[in-house]
Amino acid sequence: MTYLLWIKALHIIAMVTWFAGLFYLPRLFVYHALSEDRLSQERFKIMERKLYYGIMAPGALLTILFGIWLLVGYGWDLYKAALWLHLKLGLVLLLIFFHLYCGYCRKQFLKDKNRHSHVFYRWLNEFPVLILIAVVILAVVKP
């Protein structure tokens, strides 16, 4: 079972990588929404693409992969699992939808069809923080 500790460590590393992108991409959207010159807008498009596909997507996929590996390794039974784990998995699912929504917003910027203000993206930037707090409390405290 020692190998599961390595998988857990890799799961946490991937999760930190994923969250780094989830925290930063909406912040880039704030600055992109505020930019008025073409050079800045094009630069933001490049930064957003590299962050989304180079950091966020691999972080998300590895987080999910290692998480599933841990569930299988620990012999998780859907019907016997504690409530905290169901809640955590529900929040992860919500986070996946948030990730995909960020991809949608990125594509809107790419097409120069963004319809949201920088204030919207400032609020959007807070969502992954709330999810992270809840997931860590559920995983550590197991209420």
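Bear in mind the structure is a predicted one, so any value in this text is a computation, not a measurement. (Residues numbered from 1 in each chain as written. Predicted model: local features only at pLDDT ≥ 70, side-chain atom pairs only at ≥ 80, totals over all residues. Heavy atoms only, no water.)

**Q** Describe in detail the side chain of Gln 41, supporting the description with residues and values.
**A** Topologically, Gln 41 is positioned in helix α2 (residues 38-73). The exposure class of Gln 41 is buried, given its relative accessible area of 16%. Polar contacts involving the side chain of Gln 41 include one to the side chain of Arg 38, which spans 3.0 Å. Beyond its immediate chain neighbours, meaning those up to four positions away, Gln 41 contacts His 32, Ser 35 and Glu 36. (Helix = DSSP H or I, 4+ residues; strand = E, 2+ residues; numbered from the N terminus. Buried < 20%, exposed > 50% of the residue type's maximum accessible area, 1.4 Å probe, protein only. Polar contact = N/O pair within 3.5 Å; in protein donor to acceptor, adjacent residues only side chain to side chain. Contact = heavy atoms within 4.5 Å.)

**Q** Any chance you could break down the pattern of salt bridges for me, citing the residues and the numbers?
**A** Between side chains of opposite charge, a pair can form as their charged atoms come close. Tallied over the full model, the rule gives 4 salt bridges. The shortest N-O distance in the salt bridge between Arg 38 and Asp 112 comes to 2.9 Å. Pair noted here: Arg 38 is in helix α2 and Asp 112 is in the loop between α3 (83-110) and α4 (118-124), with a separation of 74 residues, a long-range link. Given a relative accessible area of 44%, Arg 38 falls into the partly exposed group. In this structure Asp 112 comes out as partly exposed when scored by relative accessible area, which is 41%. Taking the shortest distance from any N to any O, the salt bridge between Asp 112 and Lys 45 comes out at 2.9 Å. Remark: Lys 45 occurs in helix α2 and Asp 112 occurs in the loop between α3 and α4; sequence separation between them is 67 residues. (Salt bridge = Lys/Arg side-chain N within 4 Å of Asp/Glu carboxyl O.)

**Q** Just give me the short version of unusual backbone geometry, but keep the residues and values in it.
**A** Positive phi is not limited to glycine here, since Asp 112 has a value of about 60°. The backbone of Lys 142 shows a phi angle near 50°, a positive value even though the residue is not glycine. Checked against the element boundaries, Lys 142 lands in the segment after α5 (127-141). A relative accessible area of 43% means that Lys 142 is categorised as partly exposed.

**Q** Provide a residue-level description of the nonpolar core, including the pertinent values.
**A** Counting 28 residues, the largest nonpolar core has Trp 18, Leu 22, Leu 25, Phe 29, Met 56, Leu 95 and Tyr 121 as the members making the most contacts within it. Listing elements by their share of this core, those giving two or more residues are α1 (2-34), α2, α3, α4 and α5. Once residues within four sequence positions are removed from consideration, Tyr 121 is found in contact with Pro 26, Phe 29, Val 30, Ala 33, Cys 105, Phe 109, Asn 114 and His 116. Counting 5 residues, the second largest nonpolar core, distinct from the first, contains Leu 4, Ile 7, Phe 66 and Leu 70. (Core = buried A, V, L, I, M, F, W, Y, C linked by side-chain atoms within 4.5 Å.)

**Q** Go over the environment of Lys 142, please, and point to the residues and values.
**A** For the pair Lys 142 and Ile 55, spaced 87 residues apart in the sequence, the C-alpha separation amounts to 29 Å. One polar contact links the side chain of Lys 142 to the main-chain carbonyl oxygen of Ala 139, over a distance of 2.7 Å.

**Q** Report on a positive patch on the surface, specifying residues and quantitative values.
**A** Residues Lys 107, Lys 111, Lys 113 and Arg 115 make up a contiguous surface patch of positive charge. Take Lys 113: it is sitting in the loop between α3 and α4. Residue Lys 113 is classed as partly exposed on the basis of its relative accessible area of 43%. (Patch = residues over 30% accessible without salt bridge, like charges linked within 9 Å, V, L, I, M, F, W, Y side chains within 5 Å. Areas by Shrake-Rupley, 256 points an atom, 1.4 Å probe, with all protein chains shown as cover. Lys, Arg positive; Asp, Glu negative; His and termini not counted. Charge placed at Lys NZ, Arg CZ, Asp CG, Glu CD.)

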